[in-house]
Structure formats: structure tokens, C-alpha cells
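A look at the structure
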Amino acid sequence: MRERTLDRVRKLLAKAERTDNEHERATFMAAASALMAKYGIDSLPPAGTRQTPGDRIVTLPPPWAREKARLVSLVAQAVRCRPLLIGRGDGGQRVHVFGFAADLERADLLATSLLLQMASGLAKAVPPPGAAVRAYRRSWLLGFTDEVYRLLCAAEAEAESEAASADTGTALVLADRRAEVDRAVAARYPRIRMSVPRTSGTGYRDGVAAGRKADLGRTEMTTATALELQR
């Protein structure tokens, strides 16, 4: 059943990628996001089953390495993983993501697709006359990420609510898994400092609008798009 769900997600995203109709694209994206959230619920083990969280380190290369790392972090957080920004290393900004296998899989799939879409959207974004171009682009990236995070969280919350109403044990399983992930993080990083990004550009609203129409299925980056992220 889980593979069938993922196959349906891929097909919906392929339709979203092909259409030029923004209303159709938004509909396909909403359906795909909901199915991805359902996949996360379907992947839960029976109550009492013992699993151990895993982890992986993702390195985001420049340009815009910090903004890319933030996208990866928030996507991971939205799908019940615990991400930590651990700074520069290996040629980019590193994110250490903790979570159970199915959630790490979802985080990887979504983040990979959204990084490509973010690059494509930035390539099309046009700063208003007189705007500081780099500040505009950075604020656009932050706006895009925040909106994608909001949409993913909404889909996850709805799936969790529906599952909990049908099975009272689901909420307990999810709480136990979050606690397990938190313990794994605390064992590795006993001291964690929180930070909030600041933005001074004027592109935040445009980034939010682009994030609202995000196509999670985009898998190719054009040469022009790649060059745009290098500016």
C-alpha cells in the first residue's frame, strides 16, 4: 500500500509539472502533499514496536548555501524529523537531520525537489525597480521556504488529525517517536542554540506567492536556472 501511495504521488506531481494552468497545478500539489502526509502515517509501526531513529548530514553548496540549508531544515521539520544547522564544512552549509527511516525518506524526496523548484522560481523572479537585487533575492528565498513549510505542516497536521480520530493509539505513537528523535539529538548535541534569519529585502511576498504554487515534482534544472543561483 505504501508503494502504491508513493506511485500516486509521483503521478500527481508529473501532472502538476506538465500543466500551464496555475489552478490545476495548485490542485495537483495539494493532492500530492496530502498523499505524502498519508504515506508518513501509513509508515508508522504498530504500537509497541521498537524502532531506532537514524540520521544523515546534508551539505548544501554555494551559492545561497544558508538559504538552501534553511529550506532543507524546514522541510525536514515539517515531516517529523529534527534538523540542526551545524555550519560550514565539506564545501557548503551542513544540516544534520535526525528521524525515522520513512520520515528521512520523505524529507529527502521533498527537499531535493523543492531545491530545484526554488532555483527555477528565483530565475524567474524580477526585482522591482530600484530594489537591491541580492537583498530581494534572499528575501524571496526566505519567503518561498516559509510558505512551503506552512503548506507541508498543514498537510501533516490534517493527516495526523484524521489518523488520530480513527485510531486513538496514533497520537501516542507519534508522541513517542518525537521523544525518541529528541533524545537522539540531545545525545549528540547536548547544547543547542536557536537562531532566526533576518531579511531586509523586498522579495519576501513574491517568494511566498511562488512557494504557494510549488510543484513538488520538478526534477530537472535548466542551465539558465543553475546560473541564476550562482549570481
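Residues numbered from 1 in each chain as written. Predicted model: local features only at pLDDT ≥ 70, side-chain atom pairs only at ≥ 80, totals over all residues. Heavy atoms only, no water.

**Description of the overall build of the protein**
Put simply, the test is: A helix here means a DSSP run of H or I that spans at least four residues, while a strand means a run of E at least two residues long, and both kinds are numbered starting from the N terminus. Each residue's exposure class comes from its accessible area (1.4 Å probe, protein chains only) as a fraction of the maximum for that residue type: buried when under 20%, exposed when over 50%, partly exposed otherwise. Should any heavy atoms of two residues lie within 4.5 Å, those residues are considered in contact. Note on areas: Shrake-Rupley with a 1.4 Å probe; residue coverage comes only from the protein chains shown.
Counting its regular elements, the protein contains eight helices and three strands. Along the protein, helices and strands appear, N-terminal first, in the series α-α-β-α-β-β-α-α-α-α-α. When burial is assessed residue by residue, the protein has 45% of its 231 residues classed as buried. Considering only residue pairs separated by 6 or more positions, the protein has 78% of its internal contacts joining residues 24 or more positions apart. Carbon and sulfur atoms make up 53% of the accessible area of the protein, which totals about 12700 Å².

**Some details on the packing of aromatic side chains**
What counts, and what does not: Centres within 6.5 Å are what make two rings of Phe, Tyr or Trp a pair, Trp counting through its six-membered ring; a difference in plane orientation under 30 degrees is then read as stacked, over 60 as edge-to-face, and the rest as tilted. As a reminder, the over-ring test applies to NZ of lysine and CZ of arginine, requiring each to be within 6 Å of the ring centre and within 35 degrees of the ring normal.
By the definition in use, this model includes two aromatic pairs. With a centroid separation of 6.2 Å and 90° between ring planes, the pair formed by F98 and Y189 is classed as edge-to-face. Of this pair, F98 sits in strand 3 (residues 92–99) while Y189 is found in the loop between helix 6 (169–188) and helix 7 (204–212), placing the two residues 91 residues apart along the sequence. When its relative accessible area of 4% is taken as the criterion, F98 is described as buried. Judged by centre distance (5.5 Å) and plane angle (15°), the ring pair of W140 and F144 falls under stacked. Here F144 and W140 lie together in helix 5 (residues 133–166), a separation of four residues that amounts to about one turn. Directly above the ring of W64 sits R134, whose terminal nitrogen or CZ lies 4.2 Å from the centroid. Over the face of the ring belonging to F100 we find R177, whose NZ or CZ atom lies 3.9 Å from the ring centre.

**Quick notes on helix 3 (residues 65–78)**
Where we set the bar: The span you would expect from a helix comes to 1.5 Å times its residue count less one.
Between the first and last C-alpha of helix 3 there are 20 Å, a value that for 14 residues agrees with the 20 Å anticipated at 1.5 Å per step. Of all 14 residues making up helix 3, 12 are buried, and the element is well covered by its neighbours. Every buried residue of helix 3 is listed here: A65, E67, K68, A69, R70, L71, V72, S73, L74, V75, A76 and A78. On its buried side, helix 3 packs onto strand 1 (54–60), strand 2 (82–89), strand 3, helix 4 (101–124) and helix 5.

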